[in-house]
Amino acid sequence: MVGILSHTPALPPSGRPLRRAGTLLLIRDGDAGVEVLMQQRSENLRFLPGYWAFPGGTESPSDADTARTFGELGASSVSLAETLAVTALRETAEELGVLCGVTHPGLLSESEWEGLCEGTMAFANLLQSRRETLCFSGIRNVGRWVGPHGEPAQFDTWFFALPYDESLPAKWKSVEVATAKWQNAAQFLQQERDGAARMVPPTLAMMEALASCSDVPSVMQHMYACDPTLPQLTWLSSQ
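Quick caveat: nothing in here was measured; it's all calculated off a predicted structure. (Residues numbered from 1 in each chain as written. Predicted model: local features only at pLDDT ≥ 70, side-chain atom pairs only at ≥ 80, totals over all residues. Heavy atoms only, no water.)

### Concerning the nonpolar core
Okay, step 1: Membership of the largest hydrophobic core comes to 35 residues, with the highest contact counts inside it found for Leu-24, Leu-26, Leu-89, Cys-100, Phe-123, Leu-134 and Phe-160.
Okay, step 2: With 9 residues, helix H2 (residues 80-96) is the largest single contributor of residues to this core.
Okay, step 3: If we skip the residues at most four places from it in the chain, Leu-26 touches Glu-35, Val-36, Leu-37, Thr-92, Val-98, Cys-100, Leu-162, Tyr-164 and Trp-182.
Okay, step 4: Membership of the second largest hydrophobic core comes to 27 residues, among which are Val-34, Val-142, Ala-209 and Cys-213. (Core = buried A, V, L, I, M, F, W, Y, C linked by side-chain atoms within 4.5 Å. Buried < 20%, exposed > 50% of the residue type's maximum accessible area, 1.4 Å probe, protein only. Helix = DSSP H or I, 4+ residues; strand = E, 2+ residues; numbered from the N terminus. Contact = heavy atoms within 4.5 Å.)

### Here we look at the packing of helix H1 (residues 63-70) against H2
For any two helices packed against each other, one specifies the crossing angle of their axes together with the interaxial distance.
Okay, step 1: Where H1 meets H2, the closest approach of the two axes is 8 Å, and the angle between their N-to-C directions is 100°. On the basis of their axis angle, the class for H1 and H2 is roughly perpendicular. On H2, the residues that touch Asp-63, Ala-64, Thr-66 and Ala-67 of H1 are Glu-82, Thr-83, Val-86, Thr-87 and Arg-90.
Okay, step 2: Classifying every residue of the contact of H1 with H2 gives 3 nonpolar, 3 polar and 3 charged. (Axes fitted to C-alpha atoms, helices over the stretch in contact; angles between N-to-C directions. Parallel < 35°, antiparallel > 145°, perpendicular 65-115°, else oblique. Nonpolar A, V, L, I, M, F, W, Y, C, P; charged D, E, K, R; others polar.)

### What to know about the environment of Glu-176
Okay, step 1: When you line up the elements, Glu-176 lands in the loop between strand E9 (155-163) and strand E10 (177-184).
Okay, step 2: Along the sequence, Glu-176 and Gln-39 sit 137 residues apart, while their C-alpha atoms lie 9.4 Å from each other.
Okay, step 3: In this structure Glu-176 touches Gln-40, Arg-41, Ser-42, Leu-45 and Glu-95, once residues within four positions along its chain are discounted.

### Overview of helix H3 (residues 110-118)
Okay, step 1: For H3, the set of buried residues is Glu-112, Trp-113, Gly-115 and Leu-116. Looking straight down H3, one finds its buried side chains confined to an arc of 160°; they lie on one side. With respect to the buried face of H3, the exposed residues turned more than 90 degrees away are Ser-111 and Glu-118.
Okay, step 2: Residues of H3 that are buried make contact with H2 and helix H4 (123-130).
Okay, step 3: Remark: Gly-119 follows H3 within two positions and exhibits a positive phi of approximately 80°. (Arc of directions from axis to C-beta.)

### Observations regarding the layout of surface pockets
Okay, step 1: If you add up the space inside the largest pocket, you get close to 910 Å³.
Okay, step 2: Considered class by class, the residues forming the lining of the largest pocket number 17 nonpolar, 9 polar and 5 charged. (1 Å grid on protein atoms, 1.4 Å probe; cavity = no way out; pocket = protein on both sides within 12 Å on 5 of 7 lines; lining within 4 Å. Points joined across faces, edges and corners; volume = space filled by probe spheres on them.)

Scope: geometric values only; no functional claims are made or implied.
Here you go:
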């Protein structure tokens, strides 16, 4: 399995500040191919209401410290990839009540999930209370995108893939999430083409890349979908 230090494109020089973000593709093998956990954004949101997306969000100032403190190697310094992987894992826990990329993955308790959603429990405190270790070696960086192009707010978004086949909550606490479910990548792409599902271009590109993979091991070994406006690939380990 390819670990978190995978090929990633460097950003071109730019005077425009970017907000960094991390997004997580939870994947499993299904009867008809690779399936990925998707969430539909609430229709009440001002930004992209009703769109389908992967869990994720903007980097928190605490994510690097969390990566450093709870990483499996206990390193004194962490890479940008590890920091944004924590971003993706934290946002997944907050949005879906799913704790993954750790020693003991699974569902959060009602009180844990409420604490994260209400801001009364930090992600680091959750990991500490459960005595969890972040397992970066099982997470793979599968893409990097900048955008939306031409808009004032620009995001530098890193996408990560992680195998997961545990239970899902019966209902959703996050006000951002209308529903979430496993989607067959190829079948969901057809729904998008038929106008039955809406996705932004990076999400669509990730789904196309997933649909081209035969199974989860193929995703974790070979998949990569990169923003075509970025320069050629460089080694992430140099960052």
